[in-house]
Structures are given as C-alpha cells and as structure tokens.
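# Structural overview for review
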Amino acid sequence: MFKGFKDFLMRGNVVDLAVAVIIGAAFTTIVTAFTNGLIKPLLSAIGGSDAAQGLGVRILSENPATFLDFGSVINAAINFLIVAAVIYFVIVLPVKTIQERRKRGEEAGPARPTDVELLIEIRDLLRQQNHAGK
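In what follows, the accompanying structure is described. This one's a predicted model, so the numbers in the text were calculated from it and none came from an experiment. (Residues numbered from 1 in each chain as written. Predicted model: local features only at pLDDT ≥ 70, side-chain atom pairs only at ≥ 80, totals over all residues. Heavy atoms only, no water.)

## A few points about the overall build of the protein chain
What counts here: Runs of E in the DSSP output that reach at least two residues are strands. Runs of H or I that reach at least four are helices, and both are numbered from the N terminus. Three labels apply to residues, based on accessible area from a 1.4 Å probe with only protein chains included: buried if under 20% of the type maximum, exposed if over 50%, partly exposed otherwise in between. Here a residue-residue contact requires only that any non-hydrogen atoms of the pair lie within 4.5 Å. For the accessible areas, the method is Shrake-Rupley and the probe is 1.4 Å, while residue cover comes only from the protein chains on display.
Counting secondary structure elements, the protein chain contains 5 helices and 2 strands. Ordered by position from N to C terminus, the α and β elements of the protein chain give α-α-α-β-β-α-α. Looking at the protein chain as a whole, 17% of its 134 residues are labelled buried. Sequence-distant contacts, at least 24 apart, represent 48% of the contacts inside the protein chain between residues at least 6 apart. Entry remark: accessible area of the protein chain is about 9,900 Å², with carbon and sulfur atoms responsible for 67%.

Next up, the structure:
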C-alpha cells in the first residue's frame, strides 16, 4: 500500500501540484503573519514623510492617496522569499534527491506490471466480455 502511494507521489506532476497548493494556501498565511507582525513594524519605524504611514513618500502632501508605500512592497518581497525558501528546502530538494537516486538505480522506481500480469488482465477482461454477451 505504501509503495503504491510512494510511486504515485514520485510522478512529476503530483509534486508540482502539491508545491503550487502549498505555496498558495498554507505557507502564505503563516509568512504574512510573520512579516506583518515583525517585519512591517520595523519598516514603519524607519518612517518616511509620515512615520505613522511607514516607509514611503507622499507625492502630493495634501492628498493621502498619493502615498507610495515602499514598506508594503518590501514586506511582500520578504513574504515571497520566505515561502520560496521553505518550499525549496522542504519539498523540492528532497524530491529531486529521490529522483536522482532512482536514475542511478539506488532506489527502485515506480512498480510496472510485468508482461504476464498484463496478459492475465487482458484474459480476465475478455472472459468478462464473453460472459456479459451470453
């Protein structure tokens, strides 16, 4: 049972899909909380034209909607880097290592049916069709 599950996971598309789902959902929430709770306050302390708005510059001093918020951009970049690093070191690198081992023959690849197993399956299907037709 576990061997079949492992073979399923080692297919390239399944791993790519898992990486995309994890990036999109789970880690983003954790990393956003980290950067909003710790990094963004540090960037806001650096300040700009108005320290309450954080690191940035207001283009027109009389219009608050013209504030360029560099702190949020830096915060988003840090989010991305943390998520990408975690995904690479926790998922991509271990899977790549396993795939390289399989190429070298150190670890068995996905189980493939033998010729005899295929012939038995074909025979059984033909029997089912013959009995269904009678």
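Here the narrative resumes.
## Describing the pattern of salt bridges
Charged atoms that come close allow side chains of opposite charge to pair. Quick reminder of the rule: Counted as salt bridges are all cases of a side-chain nitrogen of Lys or Arg within 4 Å of a carboxyl oxygen of Asp or Glu.
Under the definition given, this model contains 1 salt bridge. With its nearest N and O atoms 3.2 Å apart, the salt bridge here joins Arg-123 to Asp-124. On the basis of relative accessible area, Arg-123 is assigned to the partly exposed category, the value being 40%. Residue Asp-124 is classed as partly exposed on the basis of its relative accessible area of 32%.

## Some thoughts on the nonpolar core
The condition is simple: Side-chain atoms within 4.5 Å link the members of a nonpolar core, which is a set of buried Ala, Val, Leu, Ile, Met, Phe, Trp, Tyr and Cys residues.
Counting residues in hydrophobic clusters, the biggest one holds 7 residues: Val-15, Val-19, Val-31, Val-83, Ile-87, Ile-91 and Val-95. Among the secondary structure elements, those contributing two or more residues to this core are α2 (12-24) and α4 (70-104). In terms of residue count, the dominant contributor to this core is α4 (4 residues). Residues in contact with Ile-91, not counting those within four places in the same chain, are Val-15, Val-19, Ile-22 and Val-86.

## Section: the side chain of Asn-79
With respect to the helices and strands, Asn-79 occurs in helix α4. When near neighbours in sequence (up to four residues on either side) are disregarded, Asn-79 contacts Val-31, Thr-32 and Thr-35.

## With respect to the packing of aromatic side chains
To keep it simple, the criterion reads: When the centres of two rings from Phe, Tyr and Trp lie within 6.5 Å, Trp using its six-membered ring, the rings pair. Their planes under 30 degrees apart give stacked, over 60 give edge-to-face, and anything left gives tilted.
A complete count under the given rule lists 1 aromatic pair for this structure. Residues Tyr-88 and Phe-89 carry aromatic rings whose centres are separated by 5.1 Å and whose planes lie at 80° to one another, so their mutual orientation is edge-to-face. For Tyr-88, a relative accessible area of 36% corresponds to the partly exposed category. Judged by its relative accessible area of 55%, Phe-89 is exposed.

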